[in-house]
Amino acid sequence: MAFRGLSRPNATSGMGVADHTKDTFLELKRKKAHRYVIFSIDEKKREVVVDKTGGPAESYDDFTASLPENDCRYAVYDFDFVTPENCQKSKIFFIAWSPSSSRIRAKMLYATSKDRLRRELDGIHYEIQATDPTEMDLEVLRDRAH
């Protein structure tokens, strides 16, 4: 166990972002190929990777059910809505999911790597930091989008 400290990423170094991660985000943004994308950190590769995608027909409930209860994740969600003027709109939300029950190490790793990922994902309209499901309730998205 004495060598553990050597193999761990430095908290200030952050993580890289896999090309597939950026490509999958662009598929959501440009082609509407996904309703959401959930990202995780691969500590061995030291990069953010795609954990799961949701098809265009999936609901917000499907998305929230895909987030782990006890571990951190990043996610983007393509939120469609109709304005008071009856115009169809779409806004992309970045969600930093860090449940209270997750390990402190995971919370720190995700917190220190978030800005790097956000810089790579161009076209996000809003960011939400959530530690429990009520902080990212569908009403929160509606309020922000309007």
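Not measured: the values here are computed from a predicted model.

### Looking at the overall build of the chain
Then comes step 1: Summing up its helical and strand segments, the chain has 5 helices and 6 strands in all.
Then comes step 2: In the chain, the succession of helices and strands from N to C terminus is α-β-α-β-β-α-β-β-α-β-α.
Then comes step 3: The globule rule puts the C-alpha radius of gyration for 146 residues at 15 Å, and the 16 Å found for the chain is close to it.
Then comes step 4: For the chain, the C-alpha atoms occupy an extent of roughly 60 × 30 × 25 Å along the three principal directions.
Then comes step 5: The buried share among the 146 residues of the chain stands at 38%.
Then comes step 6: The long-range share in the chain, meaning contacts at least 24 apart out of those at least 6 apart in sequence, stands at 64%.
Then comes step 7: Roughly 8300 Å² of accessible area belongs to the chain as shown, and the carbon and sulfur atoms make up 49% of that amount.
Then comes step 8: Considering the chain, the positive charge centre built from 24 side chains and the negative charge centre built from 24 side chains are found 6 Å apart.

### Digging into the sheet that holds strand 5 (residues 88-97)
Then comes step 1: Pairing in this open sheet of 6 strands is mixed, and the strands run 1-3-2-4-5-6 from one edge to the other. Where the open sheet ends on each side, the last strands, each with one partner, are strand 1 (16-17) and strand 6 (126-130).
Then comes step 2: Pairing of strand 1 with strand 3 (residues 47-54) involves 2 bridges; the strand directions are parallel. Across the sheet, the residue bridging to G16 is E47, located in strand 3.
Then comes step 3: Relative to the sheet, helix 2 (residues 19-31) contacts strand 1, strand 2 (36-42), strand 3, strand 4 (73-82) and strand 5, its axis offset from that of strand 3 by approximately 35 degrees.

### Focus on the packing of aromatic side chains
Then comes step 1: Under the counting rule described, the total for this entry stands at 9 aromatic pairs.
Then comes step 2: Residues Y74 and Y110 carry aromatic rings whose centres are separated by 4.9 Å and whose planes lie at 50 degrees to one another, so their mutual orientation is tilted. Taken together, the positions of Y74 in strand 4 and Y110 in helix 4 (residues 104-120) put the pair 36 residues apart, joining distant regions of the chain. Of the two residues, Y74 and Y110, both sit in the buried class.
Then comes step 3: Here R118 stacks its cationic end above the ring of F94, 5.4 Å away from the centre of that ring.

### Structural notes on helix 4
Then comes step 1: Taking 1.5 Å per residue, 17 residues should reach 24 Å; helix 4 reaches 25 Å between its end C-alpha atoms and fits that length.
Then comes step 2: K114 marks the point of greatest bend in helix 4, at about 40 degrees.
Then comes step 3: Along helix 4, the positions that sit buried rather than exposed are A106, L109, Y110, S113, K114 and L117.

Cut-off values and rules
- Residues numbered from 1 in each chain as written.
- Predicted model: local features only at pLDDT ≥ 70, side-chain atom pairs only at ≥ 80, totals over all residues.
- Heavy atoms only, no water.
- Helix = DSSP H or I, 4+ residues; strand = E, 2+ residues; numbered from the N terminus.
- Rg over C-alpha atoms; globule rule 2.2 N^0.38 Å.
- Buried < 20%, exposed > 50% of the residue type's maximum accessible area, 1.4 Å probe, protein only.
- Contact = heavy atoms within 4.5 Å.
- Areas by Shrake-Rupley, 256 points an atom, 1.4 Å probe, with all protein chains shown as cover.
- Lys, Arg positive; Asp, Glu negative; His and termini not counted.
- Charge placed at Lys NZ, Arg CZ, Asp CG, Glu CD.
- Pairing = 2+ DSSP bridges.
- Axes fitted to C-alpha atoms, helices over the stretch in contact; angles between N-to-C directions.
- Phe/Tyr/Trp six-rings, centres within 6.5 Å; stacked < 30°, edge-to-face > 60°.
- Lys NZ or Arg CZ within 6 Å of the ring centre and 35° of its normal.
- Expected span 1.5 Å × (residues − 1).
- Bend = angle between axes of the 7 residues up to and from the residue.

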